Each structure stands twice: as structure tokens, then as C-alpha cells.
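For reference, the chains in residue letters:
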Amino acid sequence: MRGVTKHMFKRFKRSTLDDEHGGAIVELCFVIPIVLIIIAGVLDLSIQMSTWSSTESAATAAARTLISNPSASDADIRSAVLSDAPQLEDADFVIVVDKESVQNSSYTHHFAHSDGTVDDRLSTQTTQEVVVTVNTKTDYLTAIGSLFSQATGHSDGKCYATSSSVATIDLTKGSTW
């Protein structure tokens, strides 16, 4: 009887140790969290890129508004920004307009006529440089982005983006010739 029990034990031991039916489940338990973390990271990276792109568009729209209307109010600039980048409607964003000093420039134009005479005309131009900076703060979708934000020094775990656009406004009134 002893030989039969020993043989049965060897058979049972071999069948349980060689059985790999549960191995796939164990591997899946290791892989799923890693895949979910990668997906969350990609989602938060897409939020960061979208915020950056919207901030770039907002700075360009604000500068464009100031070029076309140098005396535009803050409400006009904000309206132009939201029409160009509507995704910033729910974001916390600040527009800073820094107007540099007014500069006057003079140019002399030489016009040669067919009879050989030359006409000199003086043209003056008044310009002002404007730097528009847009600072945006939005929420991440997952905790991965918040952890990344906190690791980079932002204690509130928000997504930050800053963009600047420089514009030169022509303040010349009428023809200068």
C-alpha cells in the first residue's frame, strides 16, 4: 500500500506544480495597474498640452486685439481671448498687458521720376510695443497629474501654463507724407 500512496503523491505533486491555469490571472494582476497608470499619465499629458496650446492661442488673440484696437478694455481683450480659445472658459486665467514706451521713427523715401528728378519725402511712424502674458491654471483629470504638479513645486496640484506674445502697435494717425 505504501508504494501506491507514494506514487499517488508524486502524481498529485507533479500535476499541481506543472499546472499553469492560474498563471495568466497572476500576470494580469501585475500588468493592469501599470497599464492604468500609463493611461492616466497620457490623459494628464494631453490636458497639459491642451492647456499650453489654449494659452498660446489666448496670448496671440489678446495681442491681435490690441493691434487692431490699441485702446481696448480688459473686457474686450478677455472676450477676444474666449472667442479664440473657448476651452479657457472654465479655467482660471489672467491676462497681463505691459505697454512699453512710445517710439517715433522717421524715414526718408526717395522717389525717382522719369524726367530724372528725385523727390525726397519724410515719413514718420509712431509705434508702441506691447507684451501680452497669459497665465492659465486648470485641473488635471487624474491624480497622476496632480502628483506630477506637486513634484514640480505647485502645492495645489493644478496644471499651469504661461505664454507671452509681443506685438507692435502702429499709433500713427493718418498719412505722414
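Note that this is a predicted model, so its numbers are computed, not measured.

Trainee: Account for the packing of helix α2 (residues 23-68) against helix α3 (residues 74-84), with residues named and values stated.
Mentor: Axis separation between α2 and α3 bottoms out at 8 Å; the angle between their running directions is 135°. Taken as axis vectors, α2 and α3 run oblique relative to one another. Once α2 is placed against α3, the crossing between them reads as right-handed. In this structure, α2 uses Ser57, Ala58, Ala61, Ala62, Arg64, Thr65 and Leu66 to contact α3, whose residues at the interface are Asp76, Ile77, Ala80, Val81 and Asp84. When its residues are assigned to classes, the contact of α2 with α3 shows seven nonpolar, two polar and three charged.

Trainee: Can you lay out the pattern of salt bridges for me, pointing to particular residues and giving the numbers?
Mentor: Using the criterion set out here, one finds four salt bridges in the structure. Salt-bridge contacts for Asp92 lead to Lys137; the nearest nitrogen and oxygen are separated by 3.8 Å. Taken together, the residues Asp92 in strand β1 (residues 92-112) and Lys137 in strand β2 (residues 118-138) connect sequence positions 45 residues apart. A relative accessible area of 42% means that Asp92 is categorised as partly exposed.

Trainee: Could you give me a rundown of the side chain of Thr65, with the residues and numbers involved?
Mentor: By secondary structure assignment, the location of Thr65 is in helix α2. Once you skip the residues sitting within four places of it in the chain, Thr65 turns out to touch Ala72, Asp76, Ile77 and Ala80.

Trainee: Just give me the short version of the environment of Val118, but keep the residues and values in it.
Mentor: One can find Val118 in strand β2. Once residues lying within four places of it in the same chain are set aside, the contact partners of Val118 are His110, Phe111 and Ala112.

Trainee: How would you explain the pairing of β1 if you had to name every residue and give the values?
Mentor: Note that β1 and β2 share 19 bridges and pair antiparallel. Across the sheet, the residue bridging to Ile95 is Val134, located in β2.

Trainee: Quick rundown of the side chain of Ser54? Include the residues and the values.
Mentor: Structurally, Ser54 is set in helix α2. For Ser54, a relative accessible area of 1% translates into the label buried. There is a polar contact of 2.7 Å between the side chain of Ser54 and the side chain of Gln87.

Trainee: Describe the sheet that holds β1, with residues and values.
Mentor: Across the sheet, three strands lie side by side as β1-β2-β3; this open sheet has antiparallel pairing. Looking along the sheet, the strands with just one partner apiece sit at the ends: β1 and β3 (159-170). Ignoring strand direction, the axes of neighbouring strands in this sheet form an average angle of 15°. Pairing analysis gives twelve bridges linking β2 to β3, with the strands arranged antiparallel. When the bridges of β3 are listed, Val131 appears paired with Val166. Running at roughly 20° to β3, α2 makes contact with β1, β2 and β3 of the sheet.

Trainee: Summarise α2; cite the residues concerned and give the values.
Mentor: Here α2 spans 68 Å end to end across 46 residues, near enough to the 68 Å set by a 1.5 Å rise per residue. Remark: the principal bend of α2, roughly 25°, maps to Val31, with a proline, Pro33, within the next four residues. Turning to α2, its buried residues are Ala40, Asp44, Thr51, Ser54, Thr55, Ala58, Ala59, Ala61, Ala62, Ala63, Thr65 and Leu66. Lining the buried residues of α2 we find α3, β1, β2, α4 (143-151) and β3.

Trainee: Any details on the confidence of the model for the protein? Residues and values, ideally.
Mentor: Per-chain confidence: the protein averages 81 in pLDDT, with 85% of residues scoring 70 or above. Ranking the elements of the protein by mean pLDDT puts helix α1 (residues 2-18) last with 60 and α2 first with 89.

Trainee: Outline a nonpolar patch on the surface, supporting the account with residue identities and numerical values.
Mentor: Together, Val26, Leu28, Phe30, Val31, Ile32, Val35, Leu36, Ile39, Leu43 and Leu141 line one region of the surface with nonpolar side chains, adding up to about 920 Å² of accessible area. Tracing the sequence through the fold places Val31 in helix α2.

Rules and cut-offs
- Residues numbered from 1 in each chain as written.
- Predicted model: local features only at pLDDT ≥ 70, side-chain atom pairs only at ≥ 80, totals over all residues.
- Heavy atoms only, no water.
- Axes fitted to C-alpha atoms, helices over the stretch in contact; angles between N-to-C directions.
- Helix = DSSP H or I, 4+ residues; strand = E, 2+ residues; numbered from the N terminus.
- Parallel < 35°, antiparallel > 145°, perpendicular 65-115°, else oblique.
- Left-handed = near helix turned anticlockwise from the far one by under 90°.
- Contact = heavy atoms within 4.5 Å.
- Nonpolar A, V, L, I, M, F, W, Y, C, P; charged D, E, K, R; others polar.
- Salt bridge = Lys/Arg side-chain N within 4 Å of Asp/Glu carboxyl O.
- Buried < 20%, exposed > 50% of the residue type's maximum accessible area, 1.4 Å probe, protein only.
- Pairing = 2+ DSSP bridges.
- Polar contact = N/O pair within 3.5 Å; in protein donor to acceptor, adjacent residues only side chain to side chain.
- Expected span 1.5 Å × (residues − 1).
- Bend = angle between axes of the 7 residues up to and from the residue.
- pLDDT = per-residue confidence, 0-100.
- Patch = residues over 30% accessible without salt bridge, like charges linked within 9 Å, V, L, I, M, F, W, Y side chains within 5 Å.
- Areas by Shrake-Rupley, 256 points an atom, 1.4 Å probe, with all protein chains shown as cover.

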